[in-house]
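So you can see what is in the structure, the chains are spelled out below.
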Amino acid sequence: MSLKLSGKVALVTGASKGIGSGIAKSLAAAGAAVVVNYASDKEGADKTVSQIQSDGGKAIALQGKADNESDVKRIFDETIKTYGRLDILVNNAGIYRFNPLEEIGREEFEAQFNTNVYAPILTSKEAVKHFGEAGGSIINIGSIASRTPVVNSSVYSATKGALDTLTQVLALELAPKNIRVNVVAPGPVETEGTHAAGLIGSDLEKNLVAMTPLGRIGQPNDIATIVTFLASDESAWLTGERISAGGGMR
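A brief structural summary. For clarity, every value in this text was computed on a predicted model and none was experimentally measured.

What follows is about the overall build of the chain. Within the chain, the regular secondary structure consists of eight helices and seven strands. Taking 18 Å as the expected radius of gyration for a compact globule of 250 residues, we find that the chain reaches 17 Å, a close match to that expectation. Taken along the three principal axes of its C-alpha coordinates, the chain extends 45 × 35 × 35 Å. Counting only residues that meet the buried cut, the chain has 50% of its 250 residues in that class. Summed over its atoms, the accessible surface of the chain is roughly 12000 Å², and 53% of this surface lies on carbon and sulfur atoms.

What follows is the structure, encoded as structure tokens:
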């Protein structure tokens, strides 16, 4: 990979494992100094940082919840203190839970909307304060579930639909500051989370693969390379876009 992000600084939320870790490593491989944010998995974050550094890249791990105002301010302040600038924000932190309608209560609703929608608002608001005159790139990690929902995903799919719309609004609002905002919507991806949920190797996985024209489940790097493109000047004419990254699944 070319060093098309050389001299840039990127902050990735929820980057201790899975797609977030893949994104952090891809951005670093393209030359960016990366802040690996995590909420609780310090071991995973440290492992991601170690892998980046062993490959010759720059990275630090910073703990903090992306939906907590004081945590977010501290994370960004530490980023600037360490690297002196910020150019890229990837809002990857998210949770997914699947419940039938009768089991959905306020606690479940708030948990998912706080992390999946409010957190990107908080972090984007803070990032705008630190992007320089050259602007910046905000990439939100959504889901094909916003347009191709499955049973029992009403709250999760609604959060990702909200994130799609938030992306479009912020793209309009921040364009005068030369800040681009796009969303990548992954399909099923093999991660620690999908393994823990029992998806990998299950009949459901086989059904999902059968629905995917490219005939396989996604890998973190499939998403990470798209994010790296959106973070770079190669995508300078793209904002307010939603890139569906599901191997053709509709």
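Below, the discussion takes up the nonpolar core. In summary, soluble globular proteins display a tendency toward joint burial of nonpolar side chains. Among the nonpolar cores identified, the biggest contains 30 residues, and Ile-23, Leu-27, Val-34, Val-90 and Ile-139 are the most heavily contacted of them. Residue assignment for this core shows that the elements contributing at least two residues are strand 1 (9–12), helix 1 (18–29), strand 2 (33–38), helix 2 (42–54), strand 4 (88–91), strand 5 (136–141) and helix 8 (220–231). Every residue in contact with Val-90, bar those within four places of it in the chain, is listed here: Leu-11, Val-12, Thr-13, Ile-23, Leu-27, Ile-139, Ile-141 and Val-227. Counting residues in each nonpolar core, the second largest holds 22 residues, with Val-9, Val-72, Ile-75 and Val-181 among its members.

A separate point is helix 4 (residues 106–130). If you check helix 4, its first and last C-alpha atoms are 34 Å apart, about what 25 residues at 1.5 Å a residue would give, namely 36 Å. Of all the bends found along helix 4, the most pronounced is centred on Asn-114 and spans about 45°.

On to the packing of helix 1 against helix 8, then. Helix-helix packing is described using two parameters, namely the angle between the two axes and the distance between the axes. Running from N to C, helix 1 and helix 8 point in directions that differ by 50°, and their axes come no closer than 8 Å. Here helix 1 is positioned oblique relative to helix 8, judged by the angle of their axes. Like other packed secondary-structure pairs, helix 1 and helix 8 cross with a definite hand, here right-handed. When helix 1 is examined against helix 8, the residues Gly-18, Ile-19, Gly-22, Ile-23, Ser-26 and Leu-27 are found in contact with a partner set consisting of Pro-220, Asn-221, Ile-223, Ala-224, Thr-225, Val-227, Thr-228 and Ala-231.

Residues Tyr-96, Phe-98 and Val-150 make up a contiguous nonpolar surface patch of about 300 Å² in total accessible area. Note on placement: Tyr-96 falls in the loop between strand 4 and helix 4. In this structure Tyr-96 comes out as partly exposed when scored by relative accessible area, which is 38%.

The seven strands are arranged 3-2-1-4-5-6-7 in an open sheet whose pairing can be described as parallel. What marks the edges here is a single partner per strand, and that holds for strand 3 (58–63) and strand 7 (242–245). Averaged over all neighbouring strand pairs, the angle between strand axes comes to 20°, with direction disregarded. Relative to strand 6 (residues 179–186), strand 5 runs parallel, the two sharing six bridges. Residue pairing across strands places Ile-138 opposite Val-181, the latter belonging to strand 6.

So, about the pattern of salt bridges. When their charged atoms lie close together, side chains carrying opposite charge are able to pair. Per the counting criterion, the structure on display carries twelve salt bridges. Put simply, Asp-203 and Lys-206 hold a salt bridge, and the shortest N to O gap is 4.0 Å. Of this pair, Asp-203 and Lys-206 are both found in helix 7 (residues 203–210), three residues apart, which corresponds to roughly one turn of the helix. Comparing Asp-203 with Lys-206, the two get one shared label, exposed.

Here we take up helix 5 (residues 154–174). Here helix 5 spans 30 Å end to end across 21 residues, near enough to the 30 Å set by a 1.5 Å rise per residue. Residues Val-155, Tyr-156, Ser-157, Thr-159, Lys-160, Leu-163, Asp-164, Leu-166, Thr-167, Leu-170, Ala-171 and Leu-174 constitute the buried set of helix 5. Those residues of helix 5 that are buried are in contact with helix 4, strand 5, strand 6 and strand 7.

Conventions we followed
Residues numbered from 1 in each chain as written. Predicted model: local features only at pLDDT ≥ 70, side-chain atom pairs only at ≥ 80, totals over all residues. Heavy atoms only, no water. Helix = DSSP H or I, 4+ residues; strand = E, 2+ residues; numbered from the N terminus. Rg over C-alpha atoms; globule rule 2.2 N^0.38 Å. Buried < 20%, exposed > 50% of the residue type's maximum accessible area, 1.4 Å probe, protein only. Areas by Shrake-Rupley, 256 points an atom, 1.4 Å probe, with all protein chains shown as cover. Core = buried A, V, L, I, M, F, W, Y, C linked by side-chain atoms within 4.5 Å. Contact = heavy atoms within 4.5 Å. Expected span 1.5 Å × (residues − 1). Bend = angle between axes of the 7 residues up to and from the residue. Axes fitted to C-alpha atoms, helices over the stretch in contact; angles between N-to-C directions. Parallel < 35°, antiparallel > 145°, perpendicular 65-115°, else oblique. Left-handed = near helix turned anticlockwise from the far one by under 90°. Patch = residues over 30% accessible without salt bridge, like charges linked within 9 Å, V, L, I, M, F, W, Y side chains within 5 Å. Salt bridge = Lys/Arg side-chain N within 4 Å of Asp/Glu carboxyl O. Pairing = 2+ DSSP bridges.

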